[in-house]
Amino acid sequence: MTWQPMSIVEGLPLIGGQGRFRTLATAEGGLAYEIFYPAGVASPVHSHDHDSIVYLHTGSLRGTLDGREVTLEAGGTIVHPRGVPHSVEAIVDSQWVEFKTPLPARPPIDG
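In this text, all values refer to a predicted model and were calculated from it rather than measured experimentally.

**What about unusual backbone geometry?**
Of note, the bond from Thr 101 into Pro 102 is cis; its omega dihedral lies within 30 degrees of zero at -5 degrees. You can see Pro 102 is positioned in the loop between strand S11 (94–101) and strand S12 (109–110). The phi dihedral of Asp 66 falls on the positive side, at around 55 degrees, and the residue is not glycine.

**Topic: the pattern of salt bridges**
Overall, the coordinates contain four salt bridges when judged by the stated rule. The closest approach of N and O atoms between Arg 22 and Glu 34, which form a salt bridge, is 2.8 Å. Here Glu 34 lies in strand S5 (residues 30–37) and Arg 22 lies in strand S4 (residues 19–27), a separation of twelve residues in the sequence. Exposure class is identical for Arg 22 and Glu 34. Each is buried. In this structure, Arg 82 engages Asp 51 in a salt bridge whose closest nitrogen and oxygen atoms are separated by 3.0 Å. Of this pair, Arg 82 sits in the loop between strand S9 (77–80) and strand S10 (86–90) while Asp 51 sits in strand S6 (residues 51–58), and the two are 31 residues apart along the sequence. For Arg 82, a relative accessible area of 44% translates into the label partly exposed.

**A short note on the UniProt feature "domain: Cupin type-2" (unreviewed entry) in the protein**
Cross-referencing UniProt, the feature "domain: Cupin type-2" (unreviewed entry) maps to residues 36–91 in the present numbering. Along residues 36–91 one finds 0% helix and 55% strand; the C-alpha atoms at either end are 12 Å apart.

**Describing the packing of aromatic side chains**
Evaluation of the coordinates by the stated rule reveals two aromatic pairs. Ring centres of Phe 21 and Tyr 33 lie 5.5 Å apart, and the angle between their planes is 90 degrees; this geometry places the pair in the edge-to-face category. Taken together, the residues Phe 21 in strand S4 and Tyr 33 in strand S5 connect sequence positions twelve residues apart. There is no split in this pair, since Phe 21 and Tyr 33 are both buried. With centroids separated by 4.8 Å and ring planes inclined at 75 degrees, the aromatic side chains of Tyr 37 and Trp 96 adopt a geometry described as edge-to-face. Note that Tyr 37 is positioned in strand S5 and Trp 96 in strand S11, a separation of 59 residues in sequence. When its relative accessible area of 3% is taken as the criterion, Trp 96 is described as buried. When the ring centre of Trp 3 is taken as origin, the NZ or CZ atom of Arg 20, which lies over that ring, is 4.8 Å away. The side chain of Arg 20 reaches across the aromatic face of Phe 36, ending 4.3 Å from its centre.

**As for the sheet that holds strand S2 (residues 8–9)**
Pairing is antiparallel in the open sheet, where three strands are placed in the order S3-S2-S12. Edge positions in the sheet fall to strand S3 (12–13) and S12, since each has one partner strand and no second. The pairing of S2 with S3 spans two bridges and is classified as antiparallel. The partner of Val 9 across the bridge, within S3, is Leu 12.

Conventions used here
- Residues numbered from 1 in each chain as written.
- Predicted model: local features only at pLDDT ≥ 70, side-chain atom pairs only at ≥ 80, totals over all residues.
- Heavy atoms only, no water.
- Helix = DSSP H or I, 4+ residues; strand = E, 2+ residues; numbered from the N terminus.
- Salt bridge = Lys/Arg side-chain N within 4 Å of Asp/Glu carboxyl O.
- Buried < 20%, exposed > 50% of the residue type's maximum accessible area, 1.4 Å probe, protein only.
- UniProt positions renumbered as here; feature names shortened; annotations may be inferred.
- Phe/Tyr/Trp six-rings, centres within 6.5 Å; stacked < 30°, edge-to-face > 60°.
- Lys NZ or Arg CZ within 6 Å of the ring centre and 35° of its normal.
- Pairing = 2+ DSSP bridges.

Here you go:
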């Protein structure tokens, strides 16, 4: 499981810098990523063709979910349902595991 640079999410460039990710597991029904954003890095508002379940291991995130402001602290979880616009910003260096189901039609993140 090698870390790879991350600068694209759902075809859109990250804001404020670059993160990194690694694929933890892939199955017929979905996949799991480990993702790291340094403080200040953010995704633009985007949506996707799958549900994402996020477990924040370390750090603090803020963002939007369907137009509402949300925050997530270490040990917390949030769901980004398919088709629902959302964004994520690392308030401090943050690392999380993200489960995506069903298996996305195309890779949702890239270097």
